[in-house]
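Each chain is listed here by its residues.
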Amino acid sequence: MRIKILGCSGGVGPSLRTTSLLIDDEILIDAGTGVGDLALSQMRRIRHVVLSHAHLDHVCGLAFMADNLFDLIDSPIRVHASEATLSAIRDHIFNWKIWPDFSQLPNPEQPLLRWEPLPVGQRLDLGEQRVLHSFEVLHTVPAVGLAVQSPTGVFAFSGDTWACDSLWDALNALPRLDLLMIEIAFPDEQEELGAASKHFTPSLLARELGKLRHRPQLLLTHHKPGTEALIQRQCAALLVGWNYHHLESGEIFML
């Protein structure tokens, strides 16, 4: 399993892209601005898009990718998400006002995008012995984390979340966990903002990690622009004993 980080920032700026991951060149997990760094030929290979939640920094790339691929692909891209997330992007983005409804174009019988509800916990067969399932997490909108299991390893992505038992229960239920991509959006000085917006800080994540029975490599993501250095210093003091890495766009991980 090859995981390429297209975007992992909590905002935009020079060299900063928002959340999007490409698995084995054909599965897109979240569709933030990182999608914009894909060549058209790479976009054409994507068969599945899985969305953790409906916030703009995780879905905006889907709109532009659909526009780029119009009339260039023969079968629909399957967009998997909770019904709440699909409803939000249908109502507020692909609504003919903000953006065309590519689930009706070029025609309803053979659309460019096909919405496919993915209930929490349901297993999704992605081929090549890869199986994905979602689990509930706590954010300001309905949101899920995602786990992808393959014969060579298990990768999990927290999505955007705050402290919640459902996150750790789902991760602990996995047979193994090799890589965990988990967010820290704010430094400890912004703990109240983190609580209000339902994002981790270094201290909160350090405490919550005590609930995890696995010892994966931690891939830390979603730092807000300008806070990166401070978050890194705090993690160095708080995550002693953990194998962790602060993500950058373009990195590739193999399992």
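Presented here is a report on the structure given in the accompanying data block.

Each value, and the rule that gives it
Residues numbered from 1 in each chain as written. Predicted model: local features only at pLDDT ≥ 70, side-chain atom pairs only at ≥ 80, totals over all residues. Heavy atoms only, no water. Pairing = 2+ DSSP bridges. Helix = DSSP H or I, 4+ residues; strand = E, 2+ residues; numbered from the N terminus. Axes fitted to C-alpha atoms, helices over the stretch in contact; angles between N-to-C directions. Contact = heavy atoms within 4.5 Å. Salt bridge = Lys/Arg side-chain N within 4 Å of Asp/Glu carboxyl O. Buried < 20%, exposed > 50% of the residue type's maximum accessible area, 1.4 Å probe, protein only. Phe/Tyr/Trp six-rings, centres within 6.5 Å; stacked < 30°, edge-to-face > 60°. Lys NZ or Arg CZ within 6 Å of the ring centre and 35° of its normal. Right-handed = clockwise from strand over helix to strand, strands pointing away.

So, on to the sheet that holds strand S8 (residues 131–137). The seven strands are arranged S7-S8-S9-S10-S11-S12-S13 in an open sheet whose pairing can be described as mixed. On the outer flanks of this sheet lie strand S7 (123–125) and strand S13 (244–246), each paired with one strand and no other. Neighbouring strand axes in the sheet, compared pairwise and without regard to direction, differ in orientation by 20° on average. As judged from the five bridges shared by strand S9 (residues 143–150) and strand S10 (residues 153–157), these two strands associate in the antiparallel manner. Note that in S10 the partner of Leu146 across the bridge is Phe157. Together, S8, S10 and strand S11 (179–183) form the strand contacts of helix H4 (residues 165–172), whose direction differs from that of S8 by roughly 155°.

Moving on: the pattern of salt bridges. Tallying each qualifying case throughout the model produces ten salt bridges. Between Arg2 and Asp25 there is a salt bridge whose closest N-O contact spans 3.4 Å. Separated by 23 residues along the polypeptide, Arg2 in strand S1 (residues 2–7) and Asp25 in the loop between strand S2 (20–23) and strand S3 (27–31) bring together distant segments of the chain. The partly exposed category is assigned to Arg2, whose relative accessible area is 27%.

What follows is about the packing of aromatic side chains. Following the criterion strictly, the structure yields three aromatic pairs and no others. Its guanidinium or amino end placed over the ring of Trp162, Lys198 lies 5.1 Å from that ring's centre, counting from NZ or CZ. Over the aromatic face of Trp242 sits the side chain of Arg215, whose NZ or CZ is 3.7 Å from the ring centroid.

Pairing is mixed in the open sheet, where seven strands are placed in the order S6-S5-S4-S3-S2-S1-S14. Edge strands, defined here as strands with exactly one partner in the open sheet, are strand S6 (113–117) and strand S14 (252–254). Sheet twist, expressed as the average angle between the axes of neighbouring strands with direction ignored, equals 20°. Relative to strand S4 (residues 48–50), S3 runs parallel, the two sharing three bridges. For Ile29, the partnering residue across the bridge sits in S4 and is Val50. Those strands touched by helix H2 (residues 56–69) are S3, S4, strand S5 (77–81) and S6, and its axis lies near 125° from that of S3. In the packing of helix H3 (residues 83–92) onto the sheet, the strands contacted are S5 and S6, and the crossing angle to S6 comes to about 145°.

A word on the side chain of Gln149. The residue Gln149 is located in strand S9 in this model. Non-local contacts of Gln149, meaning those with residues more than four positions away in its chain, are made with Arg123, Gln129, Arg130, Val131, His133, Val154, Leu174 and Pro175.

Let's shift gears to the pairing of S3. Burial within S3 is extensive, with five of its five residues counted as buried. Where S2 and S3 come together, four bridges link them in antiparallel fashion. Bridging from a neighbouring strand, Ser20 pairs with Ala31 of S3. Hairpin geometry of S2 and S3 is characterised by an intervening segment of three residues between the two adjacent antiparallel strands and by a positive phi of about 50° at Asp24.

With that out of the way, let us pick up the pairing of S10. The buried count for S10 comes to five of five residues, which makes it a mostly enclosed element. Neither face of S10 is left uncovered, since the one carrying Gly153, Phe155 and Phe157 and the one carrying Val154 and Ala156 both have all their residues buried. Remark: two residues form the turn of the hairpin made by S9 and S10, two consecutive strands paired antiparallel. Examined bridge by bridge, S10 and S11 share three bridges and lie parallel to one another. What sits directly across from Phe157, in S11, is Met181. For the crossover that starts at S10, traverses H4 and ends in the parallel S11, the hand is right-handed.

Turning to the environment of Ala237, a few remarks are in order. Locating Ala237 in the fold gives a position in helix H7 (residues 228–238). Residue classification places Ala237 among the exposed positions, given a relative accessible area of 59%. Sequence-wise, Ala237 and Ala173 are 64 residues apart; in three dimensions their C-alpha atoms are separated by 29 Å.

Before going further, it helps to spend a moment on unusual backbone geometry. Here the amide bond leading from Leu105 into Pro106 is cis, since omega sits at 0°, within 30 degrees of zero. The phi torsion at Ser15 lies on the positive side, around 70°, for a residue other than glycine. Relative to the helices and strands, Ser15 is located in the loop between S1 and S2. Overall, Ser15 belongs to the exposed group, its relative accessible area being 59%. The phi torsion at Asp25 lies on the positive side, around 70°, for a residue other than glycine.

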